[in-house]
2 protein chains.
Amino acid sequence: MGFRSFLHRLTAPAPKGTSPNGPCKMICVVNHELKMGKGKVAAQVGHAAVMATMNAGSHTPFLLDYWLSTGQKKVCVKGTDAEHLLALEQMAKQAGIQTTLVHDAGHTQIPSGSLTVLALGPDADDRLESITGELKLL
Amino acid sequence: MGFRSFLHRLTAPAPKGTSPNGPCKMICVVNHELKMGKGKVAAQVGHAAVMATMNAGSHTPFLLDYWLSTGQKKVCVKGTDAEHLLALEQMAKQAGIQTTLVHDAGHTQIPSGSLTVLALGPDADDRLESITGELKLL
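The paragraphs below set out a description of the structure included in this document. (Residues numbered from 1 in each chain as written. Chains lettered and ligands numbered in written order. Predicted model: local features only at pLDDT ≥ 70, side-chain atom pairs only at ≥ 80, totals over all residues. Heavy atoms only, no water.)

1. Side note on the pattern of salt bridges
Think of it this way: side chains of opposite charge can pair up when their charged atoms draw near.
All names here are of chain A.
Part 1: Applying the stated criterion across every chain yields a total of eight salt bridges over all chains.
Part 2: Between Lys40 and Asp104 there is a salt bridge; the shortest N-O distance is 3.1 Å. Here Asp104 lies in the loop between strand 3 (99-103) and strand 4 (115-124) and Lys40 lies in helix 2 (residues 38-59), a separation of 64 residues in the sequence. For the residue pair Lys40 and Asp104, the accessibility class agrees, reading buried in each case. (Salt bridge = Lys/Arg side-chain N within 4 Å of Asp/Glu carboxyl O. Helix = DSSP H or I, 4+ residues; strand = E, 2+ residues; numbered from the N terminus. Buried < 20%, exposed > 50% of the residue type's maximum accessible area, 1.4 Å probe, protein only.)

2. Considering the packing of helix 2 of chain A against helix 2 (residues 38-59) of chain B
Part 1: In contact at an axis separation of 7 Å, helix 2 of chain A and helix 2 of chain B are set at 40 degrees when each is read in the N-to-C sense. With respect to their mutual orientation, helix 2 of chain A and helix 2 of chain B come out oblique. The handedness of the crossing between helix 2 of chain A and helix 2 of chain B is right-handed. Residues Lys38, Val41, Ala42, Val45, Gly46, Ala49, Val50 and Thr53 of chain A of helix 2 of chain A pack against Lys38, Val41, Ala42, Val45, Gly46, Ala49, Val50 and Thr53 of chain B of helix 2 of chain B.
Part 2: The class makeup of the residues in the contact of helix 2 of chain A with helix 2 of chain B is ten nonpolar, four polar and two charged. (Axes fitted to C-alpha atoms, helices over the stretch in contact; angles between N-to-C directions. Parallel < 35°, antiparallel > 145°, perpendicular 65-115°, else oblique. Left-handed = near helix turned anticlockwise from the far one by under 90°. Contact = heavy atoms within 4.5 Å. Nonpolar A, V, L, I, M, F, W, Y, C, P; charged D, E, K, R; others polar.)

3. Some points on helix 5 (residues 125-132) of chain B
An α-helix turns once every 3.6 residues. As a result, residues three or four positions apart point the same way.
Residue and element names in this part refer to chain B.
Part 1: For helix 5, every residue scored as buried is listed here: Asp125, Leu128, Ile131 and Thr132. For helix 5, the angular spread of buried residues about the axis comes to 125 degrees, placing them on one side. Among the exposed residues of helix 5, those pointing more than 90 degrees away from its buried face are Asp126 and Ser130.
Part 2: On its buried side, helix 5 packs onto strand 1 (24-31), helix 4 (82-94) and strand 4 (115-124). (Arc of directions from axis to C-beta.)

4. What about the sheet that holds strand 2 (residues 74-79) of chain A?
All names here are of chain A.
Part 1: Pairing within the open sheet is mixed, and its four strands lie in the order 2-1-4-3. Sheet topology places strand 2 and strand 3 at the edges, where each strand pairs with a single neighbour. With strand direction ignored, the average angle separating the axes of adjacent strands in the sheet is 20 degrees.
Part 2: Relative to strand 4, strand 1 (residues 24-31) runs antiparallel, the two sharing six bridges. From the neighbouring strand, Cys28 faces strand 4, where its bridge partner is Ala119. (Pairing = 2+ DSSP bridges.)

Below you can see the structure in the form of structure tokens.
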């Protein structure tokens, strides 16, 4: 897919027959144990969103198109710690949902290499709910 | 630029002669007047990061390459209100820096259409500092 046609498709209708039925979103599970401040969390979710978008462009372009053309909804929820995020990652992989892990470069606040965010999707709401439906909003 | 080659270039060295001299980053100026919670701010910065990345892919691909291959640094700072964000946007435009505005869809917390984030760049640190150097970290 050409990058310009990719950009063009942001405003075009999603391709027929390839979209999920109903709403879709990206979930960002934030590692709550790290006690990151508001700006730090926001930057890490920014990393996750960009990385997951590029992953989806490579692996699930129809889901990406659909998500972008329907408002690129993102929801941030709390994960207990790194172990919790990795367990959720495994569940998502088994369900065929795209996963993206963000490790911090360690410039500020937390140790280098810390697992800060797990991004799931973009994918259909109901598929994501089966993995993260019990988690509290950040 | 093909989307796959765009992805490949994430790990490749920046093209010679087209990169800024020294470090570069993306600045996200968050509208502090809206008193958004941590998860809301993170989602809005996520929108800004994805939109600014796609804008840069279209308009300043060499800056995007350089930023992605050097760790896609993002810094979140506080703007006073929507008027402040729009004034910063004008200053950045006059300096030739890419600007991206995020308006909230209004699903939660704040009125629909609120200006939540101004993203500047990616661009060279020193060029961005001239616009946002006085602003406090979020």
